[in-house]
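Residues per chain, in single letters:
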Amino acid sequence: MSAVQTTKMSNFRWVICALLFLATTINYMDRQVLSLTWKDFIAPEFHWTDGDYGTITGMFSLFYAIANLFAGKFIDWMGTKKGYLIAIFVWSLGAVLHAGCGWVAMTVEGYDSVAQLGQLTGDAAVAIATISVWLFLSCRLILAVGEAGNFPAAIKATAEYFPKKDRAFSTSIFNSGASVGALAAPATIPLLARAWGWEMAFIIIGALGFIWMGLWTLLYDKPAKNPRVNQAELNYIEQDNDIAEAQDRDNQKEEKTIPFFKCFTYKQTWSFLVGKFMTDGVWWFFLFWAPAYFSDQYGYTSDSAMGIALIFTLYAIVTILSIGGGYLPTYFVDKKGMNPYLGRMRAMFIFACFPVLGLFAQPMGAYSAWWPAILIGLLGAGHQAWSANLFSTIGDMFPKSTIGTIVGLGTMAGGIGSMSINLGSGKFFDWAADQGAAFQFFGFEGKPAAYMVVFCICAVAYLIGWCIMKALVPKYKPIELED
């Protein structure tokens, strides 16, 4: 036997996977700090309205979407190690900078302490609200640009450290960091804000990224250069280099790329764009507004035991139920003999029905706040399953050489949809609150009526999106490029 065969294989690739999981968890928590602190901690200090918060969340969605168009190319250019370090440095810096917005607003407006800001009235309060919104928008821009690099870098690291047969599993592990982050955020962030102030919540959660940078610098290198990877593990990682990788290179040489503007001439492109535009905003709306909803409608602040329990339950439902989203299309293909696209569309129709439960969230809230938490959780689970399959339709219909372009376009469409619903909802909630009993909808009046309107839009968005997608591409029709 050779030395390689008798040496036990190291498993350092799973340490790298754990680092990717940790980065994704931090990524999601940094994104959630604002939504879990604005209503009960930040808004009273800066005199924010729902419209102000809607502007910030809407523009963040747009910033993130635009940054995603360039993030993958940046990571490829810089390399995995440097690219990931830069990405997490930028988003962690953006997260921490939020904490300084109060001090900057105080200094610019000439006040002696941040505590004075919450006591202002009239034009002075409007001035503080305006400048603070611009300051937070600047920080959200930095956060969005950095966060856009997380998934391209993590996927690239996975491709470097795992053979093809293990990549789906390792990707599912690090991607679960998003769910863990969603669960950890409501259980920690409001308590930090209550104990040490909202500024420290941004600083402490943001600082986790800088700690991660130290671990990444110490532990990461290409497998062939990493002393923690022995020859046996390296052989395992590179097992498909000789044959499969060579075949991929040959296929890529033969496969032409669809020119950017020509992509818009295909109905398949518009089908994906519609699917993203109609539904991404729903997920982002509940992500950004759920804590404020429970505070507004039921009086459970984000740092109360009940408030924490409601948000935690909501995301626990999303996490657990969305796991089955990838299996249903496989069932239709393997057991029912459908082609992949037809099976996926059948599954997506079922997932599009889940959000309809959102119609009952506001009415059932009259009995208990637990009902909206459960129903919104089911809606979110439907979204996650829908989204995973929506991305897979690209591989069903487009050549590999064009998938990155279509994903970028879809991300932009989703960002525009998210900006629209978050920006519009904020303005709408302010208007409805001012109208009071003069604005009624389905038995609700004022701001509760506005929530009911938005919930209705969210509930039917998936079915409308599915119908348009089906009309554009009624049956499996992959794009074939002419020679």
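Residues numbered from 1 in each chain as written. Predicted model: local features only at pLDDT ≥ 70, side-chain atom pairs only at ≥ 80, totals over all residues. Heavy atoms only, no water.

Student: Can you help me understand the overall build of the chain in this one?
Tutor: When you go through the chain residue by residue, the secondary structure sums to 19 helices and two strands. Based on the C-alpha atoms only, the size of the chain along its principal axes is roughly 80 × 50 × 40 Å. Counting the 483 residues in the chain, one finds 52% classified as buried. Only carbon and sulfur atoms are counted for the fraction: they give 65% of the accessible area of the chain, which is about 21000 Å². Within the chain, one finds 32 positive and 34 negative side-chain charges whose respective centroids are separated by 10 Å. (Helix = DSSP H or I, 4+ residues; strand = E, 2+ residues; numbered from the N terminus. Buried < 20%, exposed > 50% of the residue type's maximum accessible area, 1.4 Å probe, protein only. Areas by Shrake-Rupley, 256 points an atom, 1.4 Å probe, with all protein chains shown as cover. Lys, Arg positive; Asp, Glu negative; His and termini not counted. Charge placed at Lys NZ, Arg CZ, Asp CG, Glu CD.)

Student: Looking at this model, I keep getting lost on the side chain of K39. Mind explaining?
Tutor: Along the chain, the position of K39 falls in helix 2 (residues 13–46). Separated by 3.2 Å, the side chains of K39 and D50 make a polar contact. Leave out the neighbours within four places in its chain, and K39 touches P44, D50, A292, S295, D296 and K447. (Polar contact = N/O pair within 3.5 Å; in protein donor to acceptor, adjacent residues only side chain to side chain. Contact = heavy atoms within 4.5 Å.)

Student: Mind showing me how you'd approach the nonpolar core here?
Tutor: Proteins that are soluble and globular tend to have nonpolar side chains buried together. Within the largest apolar cluster, 140 residues are counted, with the highest numbers of intra-cluster contacts made by W48, F136 and W216. The element best represented in this core is helix 2, accounting for 16 residues. Those residues within four positions of W216 in sequence are excluded, and the remaining contacts are I16, L19, L20, T80, K81, Y84, L85 and A157. (Core = buried A, V, L, I, M, F, W, Y, C linked by side-chain atoms within 4.5 Å.)

Student: Explanation requested: helix 3 (residues 50–78) in the structure shown.
Tutor: Spanning 29 residues, helix 3 covers 40 Å between terminal C-alpha atoms, matching the ideal 42 Å at 1.5 Å per step. Along helix 3, the helix axis deviates most sharply at L69, where the bend reaches about 40 degrees. A positive phi of about 90 degrees marks G79, the residue just after helix 3. (Expected span 1.5 Å × (residues − 1). Bend = angle between axes of the 7 residues up to and from the residue.)

Student: Help me understand the packing of helix 3 against helix 6 (residues 122–147) in this model?
Tutor: For any two helices packed against each other, one specifies the inter-axial angle together with the distance between the axes. It is the contact of helix 3 with helix 6, at a shortest axis distance of 8 Å, that shows an interaxial angle of 25 degrees. Between helix 3 and helix 6, the crossing angle belongs to the class labelled roughly parallel. Taken as a pair, helix 3 and helix 6 cross one another with a handedness that is right-handed. Facing helix 3, whose interface residues are D52, T55, I56, M59, F60, F63, Y64 and A67, helix 6 presents A129, V133, F136, L137, R140, L141, L143, A144, V145 and E147. Tallied by class, the residues present in the contact of helix 3 with helix 6 amount to 14 nonpolar, one polar and three charged. (Axes fitted to C-alpha atoms, helices over the stretch in contact; angles between N-to-C directions. Parallel < 35°, antiparallel > 145°, perpendicular 65-115°, else oblique. Left-handed = near helix turned anticlockwise from the far one by under 90°. Nonpolar A, V, L, I, M, F, W, Y, C, P; charged D, E, K, R; others polar.)

Student: Would you mind going over a nonpolar patch on the surface with me for this structure?
Tutor: A cluster of nonpolar side chains, L22, L208, I211 and L215, forms an exposed patch at the surface whose accessible area comes to about 310 Å². Residue contributions to the nonpolar patch peak at three residues, all from helix 9 (residues 198–219). Tracing the sequence through the fold places L22 in helix 2. (Patch = residues over 30% accessible without salt bridge, like charges linked within 9 Å, V, L, I, M, F, W, Y side chains within 5 Å. Salt bridge = Lys/Arg side-chain N within 4 Å of Asp/Glu carboxyl O.)

Student: What's the story with the pattern of salt bridges in this structure? I'm lost.
Tutor: Opposite charge on two side chains permits pairing when their charged atoms draw close. A complete count under the given rule lists eight salt bridges for this structure. The partner of K447 in a salt bridge is D50, and the shortest N-O contact between them spans 2.3 Å. Separated by 397 residues along the polypeptide, K447 in helix 19 (residues 447–472) and D50 in helix 3 bring together distant segments of the chain. Considered together, K447 and D50 belong to a single accessibility category, that of buried residues. Judged by relative accessible area, K447 falls into the buried class, the value being 13%. One connected set of salt bridges, linked through shared partners, spans K39, D50, D296 and K447.

Student: What is the right way to look at the environment of S322 in this model?
Tutor: Tracing the sequence through the fold places S322 in the loop between helix 13 (305–321) and helix 14 (327–334). As a C-alpha pair, S322 and L378 span 56 residues in sequence and 8.9 Å in three-dimensional space. Not counting residues within four places of it along the chain, the set of residues in contact with S322 comprises I317, A381 and Q384.

Student: Honestly, unusual backbone geometry in this entry has me stumped. Any pointers?
Tutor: If a residue is not glycine, its phi is most likely negative; likewise, a peptide bond is most likely trans. Here the phi dihedral of H47 falls at roughly 65 degrees; this positive angle occurs in a residue that is not glycine. Counting through the fold element by element, H47 comes out in the loop between helix 2 and helix 3. Overall, the relative accessible area of 22% leaves H47 in the partly exposed class. With a phi angle near 50 degrees, F442 is a residue other than glycine that sits in the positive phi range. Here F442 shows up in the loop between strand 1 (440–441) and strand 2 (444–445). For F442, a relative accessible area of 63% puts it in the exposed group.

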